[in-house]
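# A structural walkthrough
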Amino acid sequence: MKIAIIGTGNVGQALGSGWAQQGHDIVFGSRDPQSEKVQALLAEVGETAVAAAIPEAVAAAEVVVLAIPWSGVQNTAESIADWGGKLLIDATNPIAPGFTLAFGKDVSGAEMVAHWAKGARVVKAFNTTGAETMSHPRYGDQSSTMFIAGDDPAAKQTVTRLAEALGFDVADVGALQTARYLEPLAMVWIHLAMVQGNGRHIAFKLLRRE
Ligand SMILES: NC(=O)c1ccc[n+]([C@@H]2O[C@H](COP(=O)([O-])OP(=O)(O)OC[C@H]3O[C@@H](n4cnc5c(N)ncnc54)[C@H](OP(=O)(O)O)[C@@H]3O)[C@@H](O)[C@H]2O)c1
């Protein structure tokens with residue numbers, strides 16, 4: 001599958017490396033695809049990965065992952081005039097200055113992304129755990145859980161397959177509106193990891209009684 005990852009930071013690297021190892025074609029969408037930083041990332045991810053300007057990366061891919069800081073999300077989503085039904089995985093968290101959520105009760109960041117990215121089929125995923133766990137979703141013999149939300153069942157099936165291929169157990173929380181619960185869950189992770197001092201190698205697991 002051709003996957004564009006917009007953002008060449010922690011999340012982009014973790015997901016891009018994992019999917020490249022699974023044989024997917026990765027194109028990183030970057031504001032500066034020729035930069036030393038991006039060239040170093042390509043060398044790390046492997047020879048099949050390429051980088052391009054964001055519009056070219058989106059045009060080349062079947063699935064697009066948004067993995068950039070919240071401050072750049074609206075401009076980036078609106079820079080593509082028509083997403084043409086493309087699957088857009090929103091891995092961002094709408095974190096405002098002061099480390100608070102910019103949205104929550106009445107609307108989620110994911111719903112704002114869907115509003116800005118006209119014509120995209122948006123699925124919220126990869127926002128409730130750290131990049132280190134995206135690289136290594138298994139903890140001993142357990143798979144950590146990746147929660148997803150979205151309105152399009154086929155799009156969620158694709159995201160489920162992609163997350164499972166990395167080693168996650170997937171829990172579909174519901175419609176895109178339920179991203180209003182997943183974004184605060186990311187804040188729980190952030191507080192546990194960074195404020196309470198548990199470190200970044202922690203992850204959520206949904207337990208099911210057989
Ligand atoms: N870090 C985590 O563990 C983690 C976990 C879950 C979710 N998230 C969320 O995922 C997103 C990415 O996190 P990250 O840690 O990977 O971020 P990051 O490393 O700080 O940045 C990711 C990339 O985004 C691009 N970028 C930066 N500012 C931009 C702007 N204004 N407009 C467009 N592109 C911009 C840059 O790539 P180029 O310079 O190549 O354009 C940068 O390398 C955030 O929304 C974060 O809240 C992070």
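Preceding this section is the structure that the text describes.
Keep in mind that what you see is a predicted model, and the values were worked out from it rather than measured. (Residues numbered from 1 in each chain as written. Predicted model: local features only at pLDDT ≥ 70, side-chain atom pairs only at ≥ 80, totals over all residues. Heavy atoms only, no water.)

Close contacts around the ligand come from 24 residues, with Thr-8, Ser-30, Lys-37, Ile-68 and Arg-200 the closest. Separating an oxygen atom of the ligand from a backbone N or O atom of Ala-131 is a distance of 2.9 Å. Contacts to the ligand include Arg-200, whose side-chain N or O atom sits 2.7 Å from an oxygen atom. Expressed as a share of its isolated accessible area of 890 Å², the protein-covered part of the ligand is 78%. Put simply, the parts of the chain that give the shell around the ligand at least two residues each are helix H1 (10-21), helix H2 (36-45) and helix H6 (131-135). By residue class, the composition of the shell around the ligand is nine nonpolar, 12 polar and three charged. (Near = heavy atom within 4 Å. Polar contact = N/O pair within 3.5 Å; in protein donor to acceptor, adjacent residues only side chain to side chain. Areas by Shrake-Rupley, 256 points an atom, 1.4 Å probe, with all protein chains shown as cover. Helix = DSSP H or I, 4+ residues; strand = E, 2+ residues; numbered from the N terminus. Nonpolar A, V, L, I, M, F, W, Y, C, P; charged D, E, K, R; others polar.)

So, on to the environment of Glu-164. Structurally, the position occupied by Glu-164 is in helix H7 (residues 153-166). Between the C-alpha atoms of Glu-164 and Met-146, which are 18 residues apart in sequence, the distance is 8.8 Å.

Keep in mind these values describe shape, not function.
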